[in-house]
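Descriptive structure summary
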Number of protein chains: 2
Amino acid sequence: MEDEYADSRIQWSGRSWRLRVYQQTSKDGRVFERGAIEHPGSVVIVPILEDQVLFLSQYRLALNSTILELPAGTRVWEEDWLSCSKRELREETGYRAEKWLALGEIWPAPGISNELMHVYAASDLHWDPLPADDDEEIELKPLSFDEAIAMASNGELQDAKSIVALLRFKAYYAPEL
Amino acid sequence: MEDEYADSRIQWSGRSWRLRVYQQTSKDGRVFERGAIEHPGSVVIVPILEDQVLFLSQYRLALNSTILELPAGTRVWEEDWLSCSKRELREETGYRAEKWLALGEIWPAPGISNELMHVYAASDLHWDPLPADDDEEIELKPLSFDEAIAMASNGELQDAKSIVALLRFKAYYAPEL
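Please read these numbers as outputs of a predicted model, since none were measured by experiment.

Reading the values: the criteria
- Residues numbered from 1 in each chain as written.
- Chains lettered and ligands numbered in written order.
- Predicted model: local features only at pLDDT ≥ 70, side-chain atom pairs only at ≥ 80, totals over all residues.
- Domains from an automatic or database assignment.
- Contact = placed C-beta atoms within 7 Å.
- Nonpolar A, V, L, I, M, F, W, Y, C, P; charged D, E, K, R; others polar.
- Pairing = 2+ DSSP bridges.
- Helix = DSSP H or I, 4+ residues; strand = E, 2+ residues; numbered from the N terminus.
- Least-squares fit on C-alpha atoms with pLDDT ≥ 70 in both.
- Expected span 1.5 Å × (residues − 1).
- Core = buried A, V, L, I, M, F, W, Y, C linked by C-beta atoms within 7 Å.
- Buried ≥ 20, exposed ≤ 12 C-beta atoms within 10 Å, placed from the backbone.

**Focus: the domain arrangement of chain A**
All names here are of chain A. When the domains of chain A are assigned, the result is domain 1 (3-38) and domain 2 (42-173). Relative placement of domain 1 and domain 2: their C-alpha centres are 31 Å apart. Listed as interface residues are five residues of domain 1 and, on the opposing side, four residues of domain 2. Tallied by class, the residues present in the side of domain 1 that touches domain 2 amount to two nonpolar, two polar and one charged.

And the structure:
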């Protein structure tokens, strides 16, 4: 497998991820290119404040629209996953969490990217903000836990990582709901 | 917002998606680039055969590994979503489904891509294969419904779209489980 895919180049490098393009040959001899994103990994967090989950309303360039999602962020290459989560939570919500629960790992888009995402729940929150990234447009949107779970199940919530994180947290914490 | 992001170019075009790169200026005047994938959209399917869910074991170039996931596929630009699902299910599992249930839409990776994914459950399956894509390496892996749900919740299943699709199906079909 390795050899077949050896012919590749970095096509573009951004601040957090890069695009590698592979030259491949199909069974009938046609040469074509396949792209794959090389990604440092990321985190998504379910922040619990009393009976609420802290969601964000965030502008996303790729969609050119503002969507509802949980706090999340891209890791700096080699950054510790939990340190990354703690930093992102303070940057995006203003809260520091004393309690962290690891809820496994997911691949958001394995067809195009090697991004691995660690899922956490965070509770025992205290106001302790870090400056937000200057290129992010974010607004805090607390939802009740029940409302968030309903939206994840009924299709109203469309962000895949947020759905997985919420439903993993529910399975762990409140399987009877 | 539009004007700020107007300065862009197509950096690479593959068979199914392309990378657009935007020139942006930060508040302190630095110019930098941001990438965003332009994607035709995709589908993911929960195929139900008696008390089993038909999973696949599929090689993924971006991960350079073989992962467990539900049947899924990229839409041809402008292709009808349900037609795409019917085609992908026959190509990847060999089965045609008589019953289709729409389970909403998700964004797998809104931080980097505008990919919209339609989620379906498919049942009343009959053997009626279409030739597989010649660049896909796929093996059918049936799992019991209960086992699949457990793996989605406990972290054993890592593919985000498969987790969302299964848990949406469970919420719709068997909320008491």
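**Notes on the pairing of strand S6 (residues 65-69) of chain B**
Residues and elements named next belong to chain B. Where strand S5 (residues 52-60) lies against S6, five bridges are found, and the strand directions are antiparallel. In the strand pairing of S6, serine 57 is matched with leucine 68. In sequence, S5 turns back onto S6 through a hairpin of four residues, with asparagine 64 there showing a positive phi of about 45°.

**Side note on the relation of the copies chain A and chain B**
With an axial shift of 0.0 Å and an RMSD of 0.0 Å, the rotation relating chain A to chain B amounts to 180°. Here the copies are linked by what is in effect a two-fold axis. Mapped onto chain B, 100% of the interface residues of chain A again fall at the interface, so both copies present the same surface.

**Description of helix H1 (residues 81-93) of chain B**
Residues and elements named next belong to chain B. Across its 13 residues, H1 extends 18 Å between first and last C-alpha, which sits within 8% of the 18 Å expected from 1.5 Å per residue. Taken together, the buried residues of H1 touch strand S4 (42-49), S5, strand S7 (72-74), strand S8 (95-106), strand S9 (117-127) and strand S10 (138-144). Following H1 by one or two positions, glycine 94 adopts a phi angle in the positive range, close to 90°.

**Regarding the interface of chain A and chain B**
Of the residues lining the interface, 47 residues belong to chain A; the matching set on chain B comes to 47 residues. In the side of chain A that touches chain B, the residues fall into 25 nonpolar, eleven polar and eleven charged.

**Quick notes on the nonpolar core**
Looking at soluble globular proteins, one finds that nonpolar side chains tend to be buried together. Of all hydrophobic cores here, the largest spans 82 residues; its most connected members are Val46 and Val164 of chain A together with Val46 and Val164 of chain B. If we ignore the near neighbours within four places in the chain, the residues touching valine 46 of chain A are Val53, Leu70, Ala121, Ala122, Ala165, Leu166 and Phe169 of chain A.

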